[in-house]
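Residue-level structure breakdown
Here is how the chains run, residue by residue.
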Amino acid sequence: LASETKRFVSGDEVDRWKLQLGDEGSVINQLRARTQAWGMQSKILWFSTPTTEDASVIFQLYNQGDQRLFFVPCPHCGTLQLFDITEGHAHGLKWEFKDGHILKKSIVHVCQSETCGREITENKKPYMLKNGIWQPQTRAEYDHMASFHINGLYSFQLSWYEMAVAYEEAKKSA
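Reading the values: rules and limits
- Residues numbered from 1 in each chain as written.
- Predicted model: local features only at pLDDT ≥ 70, side-chain atom pairs only at ≥ 80, totals over all residues.
- Heavy atoms only, no water.
- Helix = DSSP H or I, 4+ residues; strand = E, 2+ residues; numbered from the N terminus.
- Buried < 20%, exposed > 50% of the residue type's maximum accessible area, 1.4 Å probe, protein only.
- Contact = heavy atoms within 4.5 Å.
- Areas by Shrake-Rupley, 256 points an atom, 1.4 Å probe, with all protein chains shown as cover.
- Lys, Arg positive; Asp, Glu negative; His and termini not counted.
- Charge placed at Lys NZ, Arg CZ, Asp CG, Glu CD.
- 1 Å grid on protein atoms, 1.4 Å probe; cavity = no way out; pocket = protein on both sides within 12 Å on 5 of 7 lines; lining within 4 Å.
- Points joined across faces, edges and corners; volume = space filled by probe spheres on them.
- Nonpolar A, V, L, I, M, F, W, Y, C, P; charged D, E, K, R; others polar.
- Pairing = 2+ DSSP bridges.
- Arc of directions from axis to C-beta.
- Polar contact = N/O pair within 3.5 Å; in protein donor to acceptor, adjacent residues only side chain to side chain.

Brief notes about the overall build of the protein chain
From N to C terminus, the protein chain includes four helices and eleven strands. Counting only C-alpha atoms, the protein chain reaches 60 × 35 × 25 Å along its principal axes. Looking at the protein chain as a whole, 35% of its 174 residues qualify as buried. Sequence separation of 24 or more characterises 66% of the internal contacts of the protein chain that already satisfy a separation of 6 or more. Put simply, the protein chain shows about 11500 Å² of open surface, and 51% of that area lies on carbon and sulfur atoms. With 19 positive and 21 negative side-chain charges, the protein chain shows a separation of 7 Å between the mean positions of the two kinds.

Observations regarding the layout of surface pockets
The rolling of a water-molecule-sized probe over the atoms marks out the regions of remaining empty space. In this structure, the largest pocket encloses a volume near 1100 Å³. Residue lining of the largest pocket: 28 residues in total, with Ile-44, Trp-46, Met-145, Ala-146 and Ser-147 positioned closest to the centre. Going through the elements one at a time, β2 (43-47), α2 (57-64) and β11 (148-149) are the ones with two or more residues in the lining of the largest pocket. Sorting elements by how many residues they give to the lining of the largest pocket places β2 first, with five residues. Along the lines of polarity and charge, the residues of the lining of the largest pocket split into 16 nonpolar, nine polar and three charged.

As for the sheet that holds strand β5 (residues 92-94)
Here we have three strands laid out as an open sheet, ordered β5-β8-β9, and antiparallel in their pairing. A strand with exactly one partner marks an edge of an open sheet, and here the two such strands are β5 and β9 (119-120). For strand β8 (residues 108-110) and β9, the ladder comprises two bridges, and the chain directions are antiparallel. Looking across to β9, one finds that His-109 is bridged to Ile-120.

A word on α2
Looking only at α2, the buried set comprises Val-57, Ile-58, Leu-61, Tyr-62 and Gln-64. Around the axis of α2, the buried residues are gathered within 160 degrees of arc, so they sit on the same side. Elements in contact with the buried residues of α2: α1 (27-34), β2, β3 (68-73) and β11. The N-capping residue of α2, defined by a side-chain oxygen 3.0 Å from the backbone nitrogen of Phe-59, is Ser-56.

Some details on unusual backbone geometry
A positive phi is found at Glu-13, a non-glycine position, where the angle reads about 50 degrees. You can see Glu-13 is positioned in the loop between β1 (8-12) and α1. A relative accessible area of 23% places Glu-13 in the partly exposed class. Backbone geometry at Asp-99 places phi at a positive 55 degrees, although glycine is not the residue there. For Asp-99, the location among the structural elements is in the loop between β6 (97-98) and β7 (101-102). When its relative accessible area of 70% is taken as the criterion, Asp-99 is described as exposed.

Quick look at the structure:
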């Protein structure tokens, strides 16, 4: 880390890193220093699943950036919204139970628009993702620092059913 200049730096699962290298200081700051010679042409990418807010490096880095979220359009009315599980609200990912089990066919995302509020089935997800947009939620500490957050509901590899089951299991263990 100490002697090479890099234009591109990528850090994966930074919340699992040992962040201090003894007297050499923070790994994050050392990696940033490696890109300084490239100025605005440099790119640093940090990736991680957050741990707890107070101990999470990725959460701190996200907060330093412009905190972009990915908004997707309702296929019925076009209202931009987040894929989310919103208990206690009329919108978001919803499902029903039968005999203590999630009914797979009942899983829908309900549009957040009060004038629409229609159910969106998972087969509409590819359309929504293709037409979604990243929107900054705040001004970054540094003009060039974009930060992004996205959850598993957007994934092509995970179904909404799998996410609903994981959500219910996590509630049981909390």
